[in-house]
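# Summary of structural features
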Amino acid sequence: MEKWSTIALARFACLYAGAIWGIFWIPVRAINDAGIHGLWSSAIWFAVPTIILLPVTVLRFKSIKIAGISLQITAILSGVALLFYTLAFLYTDVVRAMLLFYLTPVWSTLLAAIILHETITWQRILAIILAIMGMLIIFGLGQNFPIPKNVGDWLGILSGIIWAIATIRIRKHEGHSAVDMTIGFFFWSLIASLILCSFLDANQFPSIEKIFGILPWLFAFMAIFVIPGAFASLWGPKYVSPGLVGLLMMTEIIFGSITAALFANEPFGIRESLGIILIISASVLEPLSEIIRNRSVKNSSAD
């Protein structure tokens, strides 16, 4: 019973993490509206949670050291995936970045079959088809088909592939602490973004006044939403199949569509509603099939 409750909670964590990443665009746009543009906006975005987590880092230093290079590789992969996804928004349309990143369930399912020897079920294949159909309907079927055309597009698809590899490692090395991975997640995202800034945007460092102007609300947003969401996105995959993780985290598209309609006057109508229904169907198909299968087994055993 405890195992099933853990799995159910892990699935919910993935759903929650996707929802949090669905409002991820709000602080990113606010930082840009405050006059901080380009690569430095991502560096500041990652610096804030790294600073917030400094006391936890000190307390967990011994645990992080014991976990060794294996933990750091997972943290680097997940952090670089988030950085590439963030940068994709700067160099291509938001729609294309999301579409290309959320091919992740395909990569995760294939990698899990190869590395973890997981069986690719018909439920998983159907769920992936439903999810991709839902995405294409929301973003305009036939108008935004995810074929990479520029550097932003490639960053979007590459971020999805790297995140798929990270979820494989999280699943394979489930003994690693999600707290320690969350610390490394933001730390390595910050390091990677600073390296890029130093090479590509060194002369565009924003003014101190602009930085301090956004810090109060940014610290609050990170502490309340982003850090718990990041923890959920790194804890949940320890107990959930990597392919299913990608499907569950597609709540990002649902919450992204809804919040964009509410706060950015983006359209939301029949097309968006239909796409959301398909994505929800994809997310619950496998868990519901599992519940039905378990009940059938119990009934057979009772007979």
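That block above? That's the structure.
A few points on the structure. Every value quoted in this text rests on a predicted model; they were computed, and no experiment measured them.

## Side note on the side chain of glutamine 72
Examined against the element boundaries, glutamine 72 turns out to sit in helix α5 (residues 61-91). A polar contact of 2.8 Å, which involves the side chain of glutamine 72, links it to the side chain of tryptophan 188. With residues near it in sequence (within four places) discarded, glutamine 72 still touches Ile64 and Trp188.

## Observations concerning helix α7 (residues 104-115)
With 12 residues, α7 ought to run about 16 Å at 1.5 Å a step, and its terminal C-alpha atoms sit 16 Å apart, in line with that. All of the buried residues along α7 are Thr104, Pro105, Ser108, Thr109 and Ala112. Viewed along the axis of α7, the buried residues span an arc of 125 degrees, placing them on a single side of the element. Two residues or fewer after α7 comes histidine 117, characterised by a positive phi angle close to 60 degrees.

## Here we look at the environment of leucine 215
Mapped onto the elements of the fold, leucine 215 is located in helix α11 (residues 208-235). The spacing of leucine 215 and isoleucine 44 is 171 residues in sequence and 9.3 Å in space, taken between C-alpha atoms.

## Structural notes on the environment of arginine 11
Checked against the element boundaries, arginine 11 lands in helix α1 (residues 2-22). On the basis of relative accessible area, arginine 11 is assigned to the buried category, the value being 16%. Separated by 234 residues in sequence, arginine 11 and valine 245 place their C-alpha atoms 7.6 Å apart. Apart from residues no more than four positions distant in its own chain, arginine 11 is found in contact with Val240, Leu244, Leu248, Pro287 and Glu290.

## Some remarks on the nonpolar core
Of all hydrophobic cores here, the largest spans 81 residues; its most connected members are Trp21, Trp45 and Phe186. If one sorts the elements of this core by residue count, α11 sits on top with 12 residues. Among residues more than four places away in sequence, those in contact with tryptophan 21 are Trp45, Leu82, Phe185, Val226, Gly229, Ala230, Ser233, Met249 and Glu252.

## Let's talk about the packing of aromatic side chains
If you walk through the whole model with that rule in mind, you get 13 aromatic pairs. Between the aromatic rings of tryptophan 21 and phenylalanine 185, the centroid separation amounts to 6.4 Å while the plane-to-plane angle is 65 degrees, which identifies the pairing as edge-to-face. Remark: phenylalanine 185 occurs in helix α10 (residues 178-200) and tryptophan 21 occurs in helix α1; sequence separation between them is 164 residues. Accessibility assignment for this pair places tryptophan 21 and phenylalanine 185 in one class, buried. Look at phenylalanine 187 and tryptophan 188: their rings are 5.1 Å apart centre to centre, the planes differ by 75 degrees, and that puts the pair in the edge-to-face class. Residue classification places phenylalanine 187 among the partly exposed residues on the basis of a relative accessible area of 36%. Overall, the relative accessible area of 25% leaves tryptophan 188 in the partly exposed class. Members of the aromatic cluster, each reached through a chain of ring pairs, are Trp21, Phe24, Trp45, Phe46, Tyr85, Phe101, Tyr102, Phe185 and Phe186.

## Re the packing of α10 against α11
Direction vectors running N to C along α10 and α11 enclose 120 degrees, while the axes themselves pass 9 Å from each other. One element, α10, and the other, α11, form an angle in the oblique class. Crossing of α10 over α11 shows right-handed handedness. Note on element contacts: α11 touches α10 through Val226, Ile227, Ala230, Phe231, Leu234 and Trp235, opposite Ala178, Val179, Met181, Thr182, Phe185 and Phe186. Partitioned by chemical class, the residues of the contact of α10 with α11 number 11 nonpolar, one polar and no charged.

Calculation rules
Residues numbered from 1 in each chain as written. Predicted model: local features only at pLDDT ≥ 70, side-chain atom pairs only at ≥ 80, totals over all residues. Heavy atoms only, no water. Helix = DSSP H or I, 4+ residues; strand = E, 2+ residues; numbered from the N terminus. Polar contact = N/O pair within 3.5 Å; in protein donor to acceptor, adjacent residues only side chain to side chain. Contact = heavy atoms within 4.5 Å. Expected span 1.5 Å × (residues − 1). Buried < 20%, exposed > 50% of the residue type's maximum accessible area, 1.4 Å probe, protein only. Arc of directions from axis to C-beta. Core = buried A, V, L, I, M, F, W, Y, C linked by side-chain atoms within 4.5 Å. Phe/Tyr/Trp six-rings, centres within 6.5 Å; stacked < 30°, edge-to-face > 60°. Axes fitted to C-alpha atoms, helices over the stretch in contact; angles between N-to-C directions. Parallel < 35°, antiparallel > 145°, perpendicular 65-115°, else oblique. Left-handed = near helix turned anticlockwise from the far one by under 90°. Nonpolar A, V, L, I, M, F, W, Y, C, P; charged D, E, K, R; others polar.

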